[in-house]
Every structure is written in C-alpha cells, then in structure tokens.
Amino acid sequence: MVLDEIVISKAIIERFLEKLLQATDVDVAIVGGGPSGLVAAYYLASAGKKVALFERKLSLGGGMWGGGMMFNEIVVQDEAREILDVFDIRYREYQQGYYTADAVLAVTSICSQAARAGASIFNCVSVEDVMIREGRVTGLVINWSPVEMAGLHVDPLTIAAGSVIDTTGHATEVLKVIERKADMQLATPSGKLVGERSMWAEKAERLTMDNTRQICPGVYVAGMSANAAFGGPRMGPIFGGMLLSGRKVAELILASS
Ligand code: 48F
C-alpha cells in the first residue's frame with residue numbers, strides 16, 4: 001500500500017468536521033477538561049446524553065497532572081475512593097482515610113473513560129462567551145485557543161446546549177462572562193461571583209459538594225469553579241472533592257431532564 005498525504009489530510013478534515021457538526025447542538029456542553037469536567041462528561045455520556053467538552057489547552061487534565069508542586073501524585077480521601085474504582089485507577093493507602101494515586105494514571109484513565117463513553121472532547125478550543133435567549137444561557141461561543149493567544153481578530157462560532165457546566169477551575173471563566181455581559185443574577189447571596197478564599201482543605205472539600213449546583217438558568221458549576229463562585233476556600237492537591245463534584249453535577253443534570 002502506498003500512503004497518500006492527501007488522503008491522510010482529507011480523512012482528518014472530514015472526520016473532525018463530522019465531530020464538530022455533531023457538537024453544534026448538544027445536551028450538555030462542559031467548559032474545562034480538568035478532573036471535575038472530565039468526570040461529569042463520563043457520567044453524562046454514559047447515561048446517553050450528547051456531551052461536548054471544550055478545553056483551552058492542548059492537553060486535558062487541568063491541574064491534576066502536576067499533583068502538588070509538580071510532584072505527580074494525588075491524594076484522595078476515603079469518601080471518593082469509589083470513584084477511583086469506577087475509573088480503574090490504582091491507589092495505595094497512605095494512612096487511614098488518605099489514599100494516593102499516580103497523577104498521570106488518574107488523568108489518562110478518566111480521560112479515556114470519558115471519551116469511550118461517547119463524550120466529544122475538543123482540545124485547543126476556548127470558550128469566550130455564551131449565547132442567551134429569554135434569560136437563559138442556551139449555548140457557548142467558541143474559538144481556537146491559538147486565535148485567542150495570538151490576539152487575532154477572528155470571529156468565533158456558536159454551539160447550542162441544553163445545559164452548560166462551568167468547570168474552568170479557579171478562573172470561573174463562564175461565570176465571569178455572564179456577570180460582565182448578561183443581565184443575570186447568580187445563585188450566590190449577592191447575585192454576583194464571590195471569589196475563592198485561602199487554603200482550608202477540610203472546609204473546601206465539604207463546600208465543593210454544597211456549591212456544585214445550578215447557578216443561573218442553563219448553567220451549572222462544579223469543581224474548583226464552584227468554590228470560587230460561592231466564596232469557598234481552595235483545597236490544594238486533594239482531589240476527592242473534584243471527582244465527587246463531577247459526579248454530582250452529572251446527577252443533577254440527569255435528574256432535571
Ligand atoms: O483547574 P482544573 O483542573 O479544574 P477542576 O476540575 O480541578 C481543580 C484542580 O485541578 C485543582 C484544585 C483542587 O484539587 O484546586 O486546581 O475544578 O481544570 C480547569 C480547566 O479548564 C480549562 C483550563 O485550561 C483547565 O484545563 N479552561 C479554563 N477556562 C477555559 C477553559 C475556557 N474559557 N475555555 C476552555 N477551557
């Protein structure tokens with residue numbers, strides 16, 4: 001067989017366009033491919049939802065690759081151990097209630113299961129805005145990350161979504177756009193973004209679950225973004241809350257549809 005570069009190019013272009021066309025109208029659009037977004041994508045796609053996940057960076061996994069300070073091990077507490085089992089991530093007990101897992105194994109396992117479950121994952125794509133109709137977020141405005149990075153004057157494209165999840169981590173990027181541009185109250189006491197507080201792992205892990213919820217019509221928030229939105233503290237390199245939050249947001253969306 002003689003390999004033809006043009007066939008290779010056409011194969012990539014056609015197959016990618018199929019994927020992108022499919023993603024122009026989804027049940028759930030997830031912004032951010034860190035642990036919480038990927039876990040949510042897995043549970044939603046496994047339940048038969050049409051899911052697209054957009055990640056700004058070339059690599060998925062968000063803040064999980066680097067463990068703590070680039071020591072690529074993560075800590076997961078007892079409550080979230082069952083999620084490590086779901087994704088077949090090997091772990092070891094460090095001391096009672098604390099488990100460690102290899103960060104690379106954790107990211108690749110969750111990512112692989114999300115993709116196998118049928119979620120369409122778009123890396124190198126940034127969400128720069130939302131679409132709003134009658135007081136509800138109904139879609140996302142997307143562009144290539146290199147366009148954003150180079151500051152090129154290139155208009156984006158838009159996709160429709162039944163629900164949007166902000167799993168952008170510390171940045172709360174979708175919520176910031178909504179606060180800045182839309183006449184919409186968030187479900188915080190002030191109706192505005194509160195912003196994250198300094199490190200307190202115990203409190204933060206608990207609050208991550210409480211703060212995982214619908215935050216305005218059409219938009220849910222999960223992971224570190226949920227804590228930042230509601231004024232919860234950061235938790236550092238313990239990842240049980242992120243995994244449980246990803247599952248919780250999927251359950252909330254499934255229960256509402
Ligand atoms: O930060 P990130 O890993 O969020 P997470 O799932 O997990 C947080 C932990 O990693 C850690 C922690 C506790 O253990 O505090 O930080 O809540 O992943 C967020 C992802 O969203 C991407 C970003 O590149 C990262 O990979 N992202 C952020 N803004 C956008 C985006 C955007 N506008 N469009 C697309 N992707």
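Presented here is a report on the structure given in the accompanying data block. What you are looking at is a predicted structure, and each value in this text was computed from that prediction instead of being measured.

Rules of the game
- Residues numbered from 1 in each chain as written.
- Predicted model: local features only at pLDDT ≥ 70, side-chain atom pairs only at ≥ 80, totals over all residues.
- Heavy atoms only, no water.
- Helix = DSSP H or I, 4+ residues; strand = E, 2+ residues; numbered from the N terminus.
- Rg over C-alpha atoms; globule rule 2.2 N^0.38 Å.
- Contact = heavy atoms within 4.5 Å.
- Areas by Shrake-Rupley, 256 points an atom, 1.4 Å probe, with all protein chains shown as cover.
- Patch = residues over 30% accessible without salt bridge, like charges linked within 9 Å, V, L, I, M, F, W, Y side chains within 5 Å.
- Salt bridge = Lys/Arg side-chain N within 4 Å of Asp/Glu carboxyl O.
- Core = buried A, V, L, I, M, F, W, Y, C linked by side-chain atoms within 4.5 Å.
- Buried < 20%, exposed > 50% of the residue type's maximum accessible area, 1.4 Å probe, protein only.
- Pairing = 2+ DSSP bridges.
- Axes fitted to C-alpha atoms, helices over the stretch in contact; angles between N-to-C directions.
- Phe/Tyr/Trp six-rings, centres within 6.5 Å; stacked < 30°, edge-to-face > 60°.

### So, the overall build of the protein chain
Right, so step 1: Tallying secondary structure elements over the protein chain gives 9 helices and 11 strands in all.
Right, so step 2: Taking 257 residues into account, the globule formula puts the C-alpha radius of gyration at 18 Å, and the protein chain, at 18 Å, falls close to it.
Right, so step 3: Its C-alpha atoms put the protein chain at 55 × 55 × 35 Å along the principal axes.
Right, so step 4: Sequence-distant contacts in the protein chain: of pairs separated by 6 or more residues, those separated by 24 or more amount to 64%.
Right, so step 5: Of the accessible surface of the protein chain, which amounts to about 13,200 Å², a share of 55% is contributed by carbon and sulfur atoms.

### A look at a nonpolar patch on the surface
Right, so step 1: Together, Met1, Leu3, Ile8 and Ile12 give the surface a local cluster of nonpolar side chains, amounting to about 530 Å² of exposed area.
Right, so step 2: One can find Ile8 in helix α1 (residues 5–22).

### Considerations on the nonpolar core
Right, so step 1: One finds Ile30, Leu44, Ile74, Ile110 and Ile165 to be the most contacted residues of the largest nonpolar core, which totals 44 residues.
Right, so step 2: Of all the elements in the fold, those that place two or more residues in this core are β1 (25–31), α2 (35–46), β2 (51–55), β3 (73–77), α3 (81–86), α4 (103–116) and α9 (240–256).
Right, so step 3: Take this core: its biggest share by element is 8 residues, from α2.
Right, so step 4: Within the second largest apolar cluster, 31 residues are counted, among which are Ala52, Val127, Ile159 and Leu186.

### Here's the deal with the sheet that holds β3
Right, so step 1: Taking strand neighbours across the sheet as the criterion, the 3 strands line up as β3-β5-β4 in an open arrangement whose pairing is antiparallel. Edge positions in the sheet fall to β3 and β4 (92–95), since each of these pairs with one other strand and no more. Neighbour-to-neighbour, the strand axes of this sheet turn through a mean angle of 40°, independent of strand direction.
Right, so step 2: Where β3 lies against strand β5 (residues 98–102), 5 bridges are found, and the strand directions are antiparallel. Among the inter-strand pairings, Ile74 is bridged to a residue of β5, identified as Ala101.

### Some points on unusual backbone geometry
Right, so step 1: The phi dihedral of Asp88 falls on the positive side, at around 60°, and the residue is not glycine.
Right, so step 2: Structurally, Asp88 is set in the loop between α3 and β4.
Right, so step 3: Residues other than glycine seldom take positive phi values, yet Glu134 does so here, at roughly 45°.
Right, so step 4: Mapped onto the elements, Glu134 comes out in the loop between β7 (125–133) and β8 (136–144).
Right, so step 5: Relative accessible area serves as the criterion here: at 85%, Glu134 is assigned to the exposed category.

### Remarks on the pattern of salt bridges
Right, so step 1: Evaluated as defined, the whole model comprises 7 salt bridges.
Right, so step 2: The closest approach of N and O atoms between Glu82 and Arg247, which form a salt bridge, is 3.3 Å. You can see Glu82 sitting in helix α3 and its partner Arg247 sitting in helix α9, a full 165 residues away along the chain.
Right, so step 3: One network of salt bridges, with partners in common, ties together Arg56, Glu148 and Glu173.

### Let's talk about the packing of aromatic side chains
Right, so step 1: Within the structure shown, the criterion is met by 7 aromatic pairs.
Right, so step 2: Between the aromatic rings of Phe54 and Phe122, the centroid separation amounts to 5.4 Å while the plane-to-plane angle is 20°, which identifies the pairing as stacked. With Phe54 in strand β2 and Phe122 in strand β6 (residues 120–123), this residue pair connects regions lying 68 residues apart in the sequence.
Right, so step 3: The class for Phe54 is buried, based on a relative accessible area of 2%.
Right, so step 4: Site record: aromatic cluster; members linked through ring pairs are Phe16, Phe54, Phe122 and Trp144.

None of the figures reported here should be taken as evidence of function without further support.
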